[in-house]
Amino acid sequence: MPIRKLDLDVVQKIAAGEIVERPASAVKELIENSLDAGATQVQIEVRTGGLGLIRIVDDGRGIPASEAELAFAPHATSKLRHVDDLAEIQTLGFRGEALASIAAVSHVVCHTRAEGEEMGVVLTLEEGNVVDRKPWAGPVGTSIVVRNLLFNVPARLKFLRSSASEAGHIGHLVEQFAMGHPEVRFRFVNDSRRVIETPGSGNIRDAVRQVYGPEIADAMVALEDVVDSLQLRVFGLLSPPDQTRATRSGLSFFVNGRRINHLALGYAIEEAYQPALPAGRHPIVVLHLALPPSSVDCNVHPTKVEVRLASERAILGAVHKAVRQALLEVAPLPEVGVSLEPAVWPVPSDWFEAALAPPPPPVAPSVFPSPPTSSASPLATPPRTPDVLSQAPSTVPPREGSAMTSETDPQPAFRSTALRAIGQIQNTYIIAEGPGGVYFVDQHTAHERILYEEIFTRRTSGHFSSQALLTPVVVQLSARQWSVVTEQSDALRGLGFDIEEFGPDSFAVRGVPPTLIKGDIARALRDAADALTGDAETPEGSDRLVATLACHSAVRAGDPLTPEEINRLLVRLETTDVSRYCPHGRPVVIHLSTAQLERDFHRR
Ligand code: ADP
Ligand code: MG
């Protein structure tokens, strides 16, 4: 083909494809326009995941009738004139591309009346061309209806998920706007169902209540700090360390009201929670940074979800400090490190440090000593207590390829009595004697790991039962969680959740997997929804779901266990094909070898 300049129409559709990646991207642009227009109320309605219809109605300043057509022209904006203005930009939009792009790939009807004008106008557009214009005598503000989004970009349509999933994205987006602009009333209706409605009181907690529910919102810790040297104000809400989620989806950051993604900010905040944050868990945080516009570069990302901050390190440091301070005020965080008294426990060598140090990444699929390869490695230390072994009845056949078989002994190396329980300490750790030394078992992570394997096996073999609850538990969910649960209800039922829609934002749970009967059912369902968010159909999504279920079904740290329960746990641990990590990546067992003990007591 000879080189030719593309038709404007083609250029426009390619550009539109970038901005309108999915229905939620169009909704984002339209809400931003409403906020830029000073709206105090924004209503969002979608049908069939936004592909059928998107309607955004605001009470903002409106578009002057004489400029209505221009608003839909490419690169037309009222927010920017010179390139220098970019440095001081205070609006969410500034590129003048959104309306043009959305209109290019849909059918749009726009009603608008500007402040101070007698009459408004209603414009009808098809694939970006104005096909009708009439005067309109409505209230000041703007209403934009988008139908058949992406109808002329079939390639993109193919990539979209189910309408429940797209609606979930939109719900999540509205939640973020609501927490970013608590002074604005948001109302989101999905397929005639009201999903979220915030009061617009200006109080972040009121908005957060609609997103995460009253229980979490009311437990959250307020944070407010001003750092004059940075002209920074940081404020928001933090979940206490015991209210966490399995993913980072609860981290929401806003810079001057703009929702941003910022990995380093997330790390700085989670670091401030340490050591109270359980491994693999993430807090719920709604954090606002107010900075002079000139300290924020918004023009570094096509959809503006990433920004560059001037003096980023100093800002991260200030946020870290403010978060830590706020958390410390409500509950002192535990001390970091090992708290053994050296005076009582004179330890000249480094044994307990070695024992407490995180073990190397799992190499063998078993928790127990591998075949003797090198006596230098504590886990490879050959058993020095053959009598324990010889007494053991052979109840458990060795697994194929498992380290429970050894080269020298064709029989299973360790059987159900290989570990002899000594007791439980701090209602959290089990101490056991076993081949080659002493084992410290984290009861929660061990149980979790066992259940993880069991659930997985049962799931692949299709055996799943549900235990009915005496009284159903009603679980309130965020808009996003709600649509995930709706969409993935079959996967959840398959695991034993007997659930049913209950009102606009809740599910009633009538039965649960039997292992969960004593667990926190509401939290388990919310975590399950979070685990399935985004990539529910992928193996990782399904792994996360099983991990969530295992975590909520397992005994907790702090639960006292009877000797029988301890023994049962140890037996099951030995018969489980476990790596030394729980599904969240925490070690399950720490081993202190006899050889190490002998060295430390100078017996060798
Ligand atoms: P940008 O927001 O980057 O300026 P858009 O294409 O989103 O570009 O909008 C173009 C212009 O249309 C805006 O600059 C604004 O003047 C006007 N506009 C769009 N939506 C609204 C609205 N809801 N209320 C008032 N004015 C609007
Ligand atoms: Mg805009």
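Description of the structure in this document. Computed from a predicted structure; not experimentally measured.

Focus: the packing of helix α6 (residues 163-180) against helix α7 (residues 204-212)
Between α6 and α7, the least distance of the axes is 8 Å, while the angle of their chain directions is 165 degrees. Considering the angle they form, α6 stands roughly antiparallel to α7. Relative to α7, the crossing made by α6 is left-handed. Of the residues in α7, those touching α6 at Glu-175, Ala-178 and Met-179 are Ile-204, Ala-207, Val-208, Val-211 and Tyr-212. Residue composition of the contact of α6 with α7, by class: seven nonpolar, no polar and one charged.

Some thoughts on the sheet that holds strand β24 (residues 589-593)
Pairing in this open sheet of four strands is antiparallel, and the strands run β18-β19-β20-β24 from one edge to the other. Since the sheet does not close on itself, it has two edges, and those belong to β18 (420-425) and β24, each with one partner. Neighbour-to-neighbour, the strand axes of this sheet turn through a mean angle of 20 degrees, independent of strand direction. In this structure, strand β19 (residues 429-434) lies alongside strand β20 (residues 437-442), joined through six bridges in antiparallel fashion. Bridged to Ala-432 within β20 is Tyr-439. Sitting on the sheet, helix α13 (residues 443-461) touches β18, β19 and β20, and the angle it makes with β20 is about 80 degrees. Contacting β18, β19, β20 and β24, helix α18 (residues 563-575) runs over the sheet at an angle of about 120 degrees to β18.

Looking at the sheet that holds strand β15 (residues 285-290)
As summarised here, the arrangement of the five strands in space is β9-β10-β15-β12-β13, forming an open sheet in which the pairing is mixed. What marks the edges here is a single partner per strand, and that holds for β9 (221-227) and β13 (258-260). Sheet twist, expressed as the average angle between the axes of neighbouring strands with direction ignored, equals 20 degrees.

Side note on a nonpolar patch on the surface
On the surface, Leu-6, Leu-8, Val-10, Val-11 and Ile-14 cluster together to form a nonpolar patch covering roughly 470 Å² of accessible area. Turning to its location among the elements, Val-10 is positioned in helix α1 (residues 8-19). By relative accessible area, which is 34% here, Val-10 ends up partly exposed.

Some points on the pairing of strand β5 (residues 129-136)
Both strand β4 (residues 120-126) and β5 contribute to a ladder of seven bridges, which runs antiparallel. Counterpart to Thr-124 in the pairing with β5 is Asp-132. Hairpin connection from β4 to β5: two residues lie between these consecutive antiparallel strands, with Glu-127 at a positive phi of about 45 degrees.

Section: helix α16 (residues 521-532)
For an α-helix, 3.6 residues make a turn, and residues three or four places apart therefore share a direction. Taking 1.5 Å per residue, 12 residues should reach 16 Å; α16 reaches 16 Å between its end C-alpha atoms and fits that length. The element α16 is largely enclosed, with a buried count of 11 among its 12 residues. Burial in α16 covers these residues: Ile-521, Ala-522, Ala-524, Leu-525, Arg-526, Asp-527, Ala-528, Ala-529, Asp-530, Ala-531 and Leu-532. The backbone nitrogen of Ala-522 lies 3.4 Å from a side-chain oxygen of the residue at the head of α16, namely Asp-520.

Conventions we followed
Residues numbered from 1 in each chain as written. Chains lettered and ligands numbered in written order. Predicted model: local features only at pLDDT ≥ 70, side-chain atom pairs only at ≥ 80, totals over all residues. Heavy atoms only, no water. Axes fitted to C-alpha atoms, helices over the stretch in contact; angles between N-to-C directions. Helix = DSSP H or I, 4+ residues; strand = E, 2+ residues; numbered from the N terminus. Parallel < 35°, antiparallel > 145°, perpendicular 65-115°, else oblique. Left-handed = near helix turned anticlockwise from the far one by under 90°. Contact = heavy atoms within 4.5 Å. Nonpolar A, V, L, I, M, F, W, Y, C, P; charged D, E, K, R; others polar. Pairing = 2+ DSSP bridges. Patch = residues over 30% accessible without salt bridge, like charges linked within 9 Å, V, L, I, M, F, W, Y side chains within 5 Å. Areas by Shrake-Rupley, 256 points an atom, 1.4 Å probe, with all protein chains shown as cover. Salt bridge = Lys/Arg side-chain N within 4 Å of Asp/Glu carboxyl O. Buried < 20%, exposed > 50% of the residue type's maximum accessible area, 1.4 Å probe, protein only. Expected span 1.5 Å × (residues − 1). Polar contact = N/O pair within 3.5 Å; in protein donor to acceptor, adjacent residues only side chain to side chain.

Honestly, that's just the spatial picture; any functional story needs more than this.
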